[in-house]
Amino acid sequence: MKNTEKYTQVFMTVFQVNEEALGAEFTFSNVEMWDSLAHMTLITKLEETFGIMFDTEDILSYGSFLNGKKILEKYGVDFNV
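A. Spatial organisation of the pattern of salt bridges. Evaluation of the coordinates by the stated rule reveals one salt bridge. One salt bridge in this structure joins Lys-74 and Asp-58, with 2.8 Å as the shortest N-O distance. Placement of Lys-74 in helix H4 (residues 65–74) and of Asp-58 in helix H3 (residues 56–61) is noted, with a sequence separation of 16 residues between them. Looking at Lys-74, the relative accessible area reads 56%, which means it is exposed. Accessibility expressed as a relative area gives 4% for Asp-58, which makes it buried.

Here you go:
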């Protein structure tokens, strides 16, 4: 499975949405289900999926589907493969 597919699958699982719901508007402030518990579940699942450990700053700034990819790239996750 490609990293983009893994990333999308984590969001679909945590937020129980279909792939079409994920995009620029899928943000902490726009998604009612994205509360603090869902946020930490998301972070945990992403760390497990990609074998990384987020810095506190990145956990706090992880507020959107699109921005999350940029944060993961800092940890060496390549979305082009």
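B. The arrangement of the side chain of Asp-58 in detail. Among the polar contacts made by the side chain of Asp-58, one reaches the side chain of Lys-74 at a distance of 2.8 Å. For Asp-58, the side chain forms a polar contact with the side chain of Tyr-75, separated by 2.4 Å. In this structure, Asp-58 is in contact with Ile-71, Lys-74 and Tyr-75, ignoring residues within four places of it in sequence.

C. Local environment of H4. Burial in H4 covers these residues: Phe-65, Gly-68, Ile-71 and Leu-72. For H4, the angular spread of buried residues about the axis comes to 105°, placing them on one side. Exposed residues on H4 whose side chains face more than 90 degrees from its buried face are Lys-70 and Lys-74. Residues of H4 that are buried make contact with helix H1 (3–15), helix H2 (36–50) and H3. Where H4 terminates, the next one or two residues include Gly-76, which has phi positive at roughly 90°.

D. Representation of unusual backbone geometry within the structure. In this structure, Gln-16 is a non-glycine residue whose phi angle is positive, near 50°. As for its placement among the helices and strands, Gln-16 is situated in the loop between H1 and H2.

Quick notes on the rules
- Residues numbered from 1 in each chain as written.
- Predicted model: local features only at pLDDT ≥ 70, side-chain atom pairs only at ≥ 80, totals over all residues.
- Heavy atoms only, no water.
- Salt bridge = Lys/Arg side-chain N within 4 Å of Asp/Glu carboxyl O.
- Helix = DSSP H or I, 4+ residues; strand = E, 2+ residues; numbered from the N terminus.
- Buried < 20%, exposed > 50% of the residue type's maximum accessible area, 1.4 Å probe, protein only.
- Polar contact = N/O pair within 3.5 Å; in protein donor to acceptor, adjacent residues only side chain to side chain.
- Contact = heavy atoms within 4.5 Å.
- Arc of directions from axis to C-beta.

Read these as geometric descriptors, not functional statements.
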